[in-house]
Amino acid sequence: MKETDILIVGAGPAGLSAGIAAAKHGAKVLVIDENRKPGGQLFKQIHKFFGSREHNAGVRGFRIGEKLLEETEALQVEVLLGYPVYGIFEDNLALYGSANGVQSVKAKKLILATGANENNLCIQGSTLPGVMTAGAAQTMVNLHHVQPGSRVVMVGSGNVGLIVSYQMLQAGIDVVAVVEAAPSIGGYGVHANKLRRAGVPFYLSHTINRIMGEDGVQQVELVELDHFKPVPGTEMILDADTVCMAVGLTPMVELARMAGCQMVEIPSLGGVLPLHDEDMCTTNPDVYIAGDISGVEEASTAMEEGRLAGIAAAEALGYLSTECAAQEKDAIRARLNTLRSGDFGQKRADAKEQIVNYFHQGGKQ
Amino acid sequence: MERTPGIPTPERLEQGPVACIECVQCIPCNPCEAACPQKAITVGAEITALPKLDGDRCNGCGICITRCPGLAIFRLHKHYTDTTALVSFPYEYVPLPEQGASVRCSSRDGAFVCEGVVSSVRTAPTFDHTAIVTVEIPKEHLMDVRGIQRKGGQ
Ligand SMILES: Cc1cc2nc3c(=O)[nH]c(=O)nc-3n(C[C@H](O)[C@H](O)[C@H](O)COP(=O)(O)OP(=O)(O)OC[C@H]3O[C@@H](n4cnc5c(N)ncnc54)[C@H](O)[C@@H]3O)c2cc1C
Ligand code: SF4
């Protein structure tokens, strides 16, 4: 059995940042990720990130991942790749896969940075070949250089739907429609405008009714919505061979549940997620969370939350003094506050504050 | 759009090439601020504020165009000749258009506006795979043309 100070599950921006922050103060850190490539979502993000300069805005996503990796290497953080963490058991014992079968590791503190899962829509035809999540299409195009099809209907106009649509265009694929149930675009206007300039049609107040085809997607039926209710007689049919679902993400909380962390439901952050305090510590005092698992946000906030959890865990293990930790944590929280301001961020700021309040009220909603 | 603080004033447009920052939503983003060597762009400590363009400082160099992750910065040169203007925009598709080629210029929503000629295509390692394409167009379309229709059209 392996032993470590801090075990981090997930090598995305949150997990890697947590590892770097804790290792900087001398903690022994092990990071495990089931992907063979570290970096989480970052490794398929070929676009230049928005955000602040401190968070590498203007830099393409995968390069941010590479930078984080270099830092973990310089600090000699151990990163195990290619196998999942299967479960967390009593006394912070975790089981994980390896080439030699299941292994175990005992950690003094755990940081769960498992990210989020993509949601799907169950409609007629949604099991046909050619229907996939936007993230799957993005992986095909950006990592494997394979076109999922030639005419794509994108369902959802949040940033994921907008960015993946743009990347489909860059890969030479036609985006024949971006469909959005709400009367306005969900993601950032600048991302939508890239598509508009390319002549991609937006169908606002519309949804996808059904998908038709024999051995794969051939046609897609859209219908107009009035206050989210289908308007009979407004059905229209588009020719397409691929449907991408970009209909939100749900935090991956299975391991947190196993670790006994109390949950709370916050729809605006993706659904059910572990309660946590201002140090990202859950109701299990040995388990911290960071990134999309604690509410679906962005890479920049994931990195800051990772740092926060890493420092708090190292502090709890005595690697830095309370004063020293307080100073660093305050600086991180201030940066998180600026990231969560403005037209789009305020809702997330409020929801995050609510989680911390619930935590201190003993989990009462 | 006119009230956006990144849009140059009509007077400034008369005076030569200038950046035009079409960033209209308060999102947390500020790489443009550091990109400008002339310090003509200000976002400030509150990084969700809209970028403000100082038209007196901006010399129209175009460096900021490739630094905006939203691809929302353009460069406008109203009086390139007596009848034509230049519009520069970021371009991230392959193949790149060729200098001298006739192209169909399009608006913010991809609609055809007018024919134009590619006056330059700039690439550089520091642009990190975002090219700057400049088209020469009839002057009256300066505030409408923001891109070109790609090969085959849409
Ligand atoms: C299309 C798209 C575009 C985006 N664009 C931007 C942008 O421009 N700017 C921005 O700031 N953000 C952007 N984001 C958001 C950003 O990528 C995510 O918010 C961020 O990656 C979340 O980081 P994370 O570390 O929490 O999770 P992830 O990056 O999802 O990483 C989680 C990791 O945990 C691993 N894992 C999960 N469970 C286990 C287990 N049981 N055992 C082992 N490993 C496990 C996974 O393999 C994964 O590598 C974008 C996201 C998408 C999908
Ligand atoms: S065009 Fe050049 S001088 Fe003008 S704002 Fe952009 S970077 Fe600054």
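Residues numbered from 1 in each chain as written. Chains lettered and ligands numbered in written order. Predicted model: local features only at pLDDT ≥ 70, side-chain atom pairs only at ≥ 80, totals over all residues. Heavy atoms only, no water.

**Overview of the packing of aromatic side chains**
Then, number 1: Counted according to the given criterion, the structure contains five aromatic pairs over all chains.
Then, number 2: Measuring from ring centre to ring centre gives 4.8 Å for Phe50 of chain A and Tyr188 of chain A, while their planes differ by 65°; the resulting arrangement is edge-to-face. Of this pair, Phe50 of chain A sits in the loop between β2 (29–33) and α2 (61–74) while Tyr188 of chain A sits in the loop between β10 (174–180) and α5 (189–197), placing them 138 residues apart in sequence.
Then, number 3: Where Tyr166 of chain A meets Tyr93 of chain B, the ring centres are 5.8 Å apart and the plane angle is 75°; that geometry is what we call edge-to-face. Separated into two different chains, Tyr166 of chain A in helix α4 (residues 159–170) and Tyr93 of chain B in the loop between β5 (84–91) and β6 (102–106) make up a pair that spans both.
Then, number 4: Here a set of aromatic residues connected by ring pairs shows up, and it is made of Tyr166 of chain A together with Phe89, Tyr91 and Tyr93 of chain B.
Then, number 5: When the ring centre of Phe202 of chain A is taken as reference, the NZ or CZ atom of Arg196 of chain A above it lies at 5.2 Å.
Then, number 6: Across the ring face of Phe112 of chain B, the terminal group of Arg104 of chain B is positioned such that the distance to the ring centre comes to 4.1 Å. (Phe/Tyr/Trp six-rings, centres within 6.5 Å; stacked < 30°, edge-to-face > 60°. Helix = DSSP H or I, 4+ residues; strand = E, 2+ residues; numbered from the N terminus. Lys NZ or Arg CZ within 6 Å of the ring centre and 35° of its normal.)

**Observations regarding the site of ligand 1**
Residue and element names in this part refer to chain A.
Then, number 1: Taken together, 33 residues sit near ligand 1, with Asp33, Gln41, Val85, Asp292 and Ala299 positioned nearest.
Then, number 2: Taking Asp33, its side chain carries an N or O atom lying 2.6 Å from an oxygen atom of ligand 1.
Then, number 3: Between ligand 1 and the protein, one listed contact pairs an oxygen atom with a backbone N or O atom of Asp292 at 2.8 Å.
Then, number 4: Taken by itself ligand 1 offers 1000 Å² of open surface, and the protein chains cover 93% of this.
Then, number 5: Every element with two or more residues in the shell around ligand 1 is listed here: α1 (13–24), β2, α4 and α7 (299–316).
Then, number 6: When its residues are assigned to classes, the shell around ligand 1 shows 16 nonpolar, twelve polar and five charged.
Then, number 7: Two domains share the shell around ligand 1, each providing at least three of its residues, namely domain 1 (2–117 + 249–360) and domain 2 (124–245). (Near = heavy atom within 4 Å. Polar contact = N/O pair within 3.5 Å; in protein donor to acceptor, adjacent residues only side chain to side chain. Areas by Shrake-Rupley, 256 points an atom, 1.4 Å probe, with all protein chains shown as cover. Nonpolar A, V, L, I, M, F, W, Y, C, P; charged D, E, K, R; others polar. Domains from an automatic or database assignment.)

**Let's talk about the pairing of strand β3 (residues 78–81) of chain A**
Residue and element names in this part refer to chain A.
Then, number 1: When β2 meets β3, the two strands line up parallel, connected through four bridges. Looking at the pairing, Ile32 lines up with Leu80 of β3.
Then, number 2: Chirality of the crossover, the property in question, places the unit of β2, α2 and β3 among those that are right-handed. (Pairing = 2+ DSSP bridges. Right-handed = clockwise from strand over helix to strand, strands pointing away.)

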